[in-house]
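Single-letter residue listing:
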Amino acid sequence: MSLSKPHPTQTHFHSRSPPGNPSSTLSLPPADPPLSPSPAPSPVKISMQEHFAINVCPGPILPIPQISDFFPRFRDFPSTPPPQRERQPEKDRERDGAEKDREGEREREEVEEGETQEVVDSDDDDETYLGTLDFSLLFDQESNCLHCTIHKAKGLKAMDSNGLADPYVKLHLLPGASKANKLRTKTLKNTLNPVWNETLIYHGITAADMTTKTLRLCVCDMDRLGRNEFIGEVMVALKRLRVGESKKYNMGLERQVQNREVNNQNQEQGTPVAEEERGRILVSLLYSAEKQALIVGIVRCAHLAAMDSNGYSDPFVKIMLQPDMGKKSKNKTSVKKKTLNPEFNEEFAYEVPHDQLAKKTLEISVWDYDLGMSNDFIGGVELGIKAKGDRLKHWFECLKHTGKKVEYWHALTQQCAPSSD
């Protein structure tokens, strides 16, 4: 399509100043005649291939880079071999070896001098230094409780990729470590010097336990995505504690391998664990002369045996006064879900004359509740004239001191298992 462009208009400016008139006049040339309209352009026909070539390939096609351009060692042609080393004569080798020996001796002397000057910092090695743990222990014989206060830890080993850790402390009583006697503090995030100031309490600890048990305190790093990592642990023999006195400890964490040997020795020297694994129960007895009734209180249980696949139990307690007095002689507590240290604080009254109470026997049994199945027997205890030890002592004190509540911890055994639940 071609158009004829008009010539640019030329303006002629003539200044004519007639004599006697200083003003100038502007004269314009006459306008050009109008242009004739040009014919319409004919449409241009383009093939489909040319259309795509114009839109897709506006420029020249460049070669595609190959992997050999980025990694020259993958080229097909072999690379030039490195130049061969020249062999040194034997005399030069001996001279070089003597000089290296002298330099090695100088370096050793410098290292030895540095070690003698920095003996205090030698424990900072990652392989040996794991940190320290500050805690205190208190045994209360009246309530049969062991109070463990975890204060803080210092200089823990870094376990995470950010150079920090998410530490927590878990406690076990040896021998017989299980979920029943496991206590744990809260987890503190991103720190190597955590401060807990948290008190954990073991219930049902007797004076006999203090002579045979050992407390193990493990410091671990919590990992949500994977398995929790072990940092270090300390062990304390409870026989070193004095009754009613709080003792503070500041101990360095040790490796797990060393403490396994101590654990095995404690298991060999300790008492049989079969009875302890069933658990213990705290029972209160009170005979009310006004109501002419025996009031039995189920306070709590501790260190019960795990009966479910998740490592816990759903315990409840049954109480029965023998000989059978009908439906009034049978009672049971509520069910506590997923715990091995339940707290009940429930009381039951039996209307019995005081003179007939000496002929009665109180049967207490702990069960694991299973929905739609038969309940599992955990352990039991009998109080009465035929009992022995603390069980007989507990029964006699209740009969002797009317109106006074007497509490005792009793070990659960499988000897007094009832015929049916």
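What comes next is a walk through the structure.

Calculation notes
- Residues numbered from 1 in each chain as written.
- Predicted model: local features only at pLDDT ≥ 70, side-chain atom pairs only at ≥ 80, totals over all residues.
- Heavy atoms only, no water.
- Helix = DSSP H or I, 4+ residues; strand = E, 2+ residues; numbered from the N terminus.
- Contact = heavy atoms within 4.5 Å.
- Areas by Shrake-Rupley, 256 points an atom, 1.4 Å probe, with all protein chains shown as cover.
- Pairing = 2+ DSSP bridges.
- Axes fitted to C-alpha atoms, helices over the stretch in contact; angles between N-to-C directions.
- Disulfide = S-S within 2.5 Å.
- Buried < 20%, exposed > 50% of the residue type's maximum accessible area, 1.4 Å probe, protein only.
- Arc of directions from axis to C-beta.

### Regarding the overall build of the protein chain
Regarding its fold elements, the protein chain presents 7 helices and 16 strands. Restricting the contact set of the protein chain to residue pairs at least 6 apart, pairs at least 24 apart contribute 64%. For the protein chain, the accessible area works out to roughly 29300 Å², and carbon and sulfur atoms hold 50% of it.

### A look at the sheet that holds strand β13 (residues 343–351)
Taken together, 4 strands build an open sheet; the order of strands is β13-β10-β9-β16 and the sheet is antiparallel. Whereas interior strands pair on both sides, the edge strands pair on one side only; in this sheet they are β13 and β16 (406–411). Strand-to-strand twist in this sheet, taken as the mean axis angle between neighbours without regard to direction, amounts to 25°. Direction of pairing for strand β9 (residues 280–288) relative to β16: antiparallel, over a ladder of 6 bridges. By the bridge assignment for β16, S284 is matched with E407.

### A few points about the sheet that holds strand β1 (residues 132–140)
Read from one edge to the other, the open sheet built from 4 strands follows the order β5-β2-β1-β8, with strand pairing classed as antiparallel. The outermost strands of the open sheet, each flanked by one partner alone, are β5 (195–203) and β8 (247–252). In this sheet, adjacent strand axes meet at a mean angle of 20° when their direction is disregarded.

### Concerning the state of the cysteines
With the rule as written, the count across this model stands at 0 disulfides. Summary of cysteine pairing: C220 is not part of a disulfide, and the nearest cysteine sulfur, belonging to C218, is at 5.7 Å. You can call C220 buried: its relative accessible area is 4%.

### Some words on helix α7 (residues 390–400)
Among the residues making up α7, those that are buried are H394, W395, C398 and L399. The buried residues of α7 occupy an angular sector of 130° when the element is viewed end-on, so they sit on one face. For α7, the elements touching its buried residues are β9, β10 (293–302), α6 (354–357), β14 (361–368), β15 (376–384) and β16.

Geometry only, nothing functional implied.
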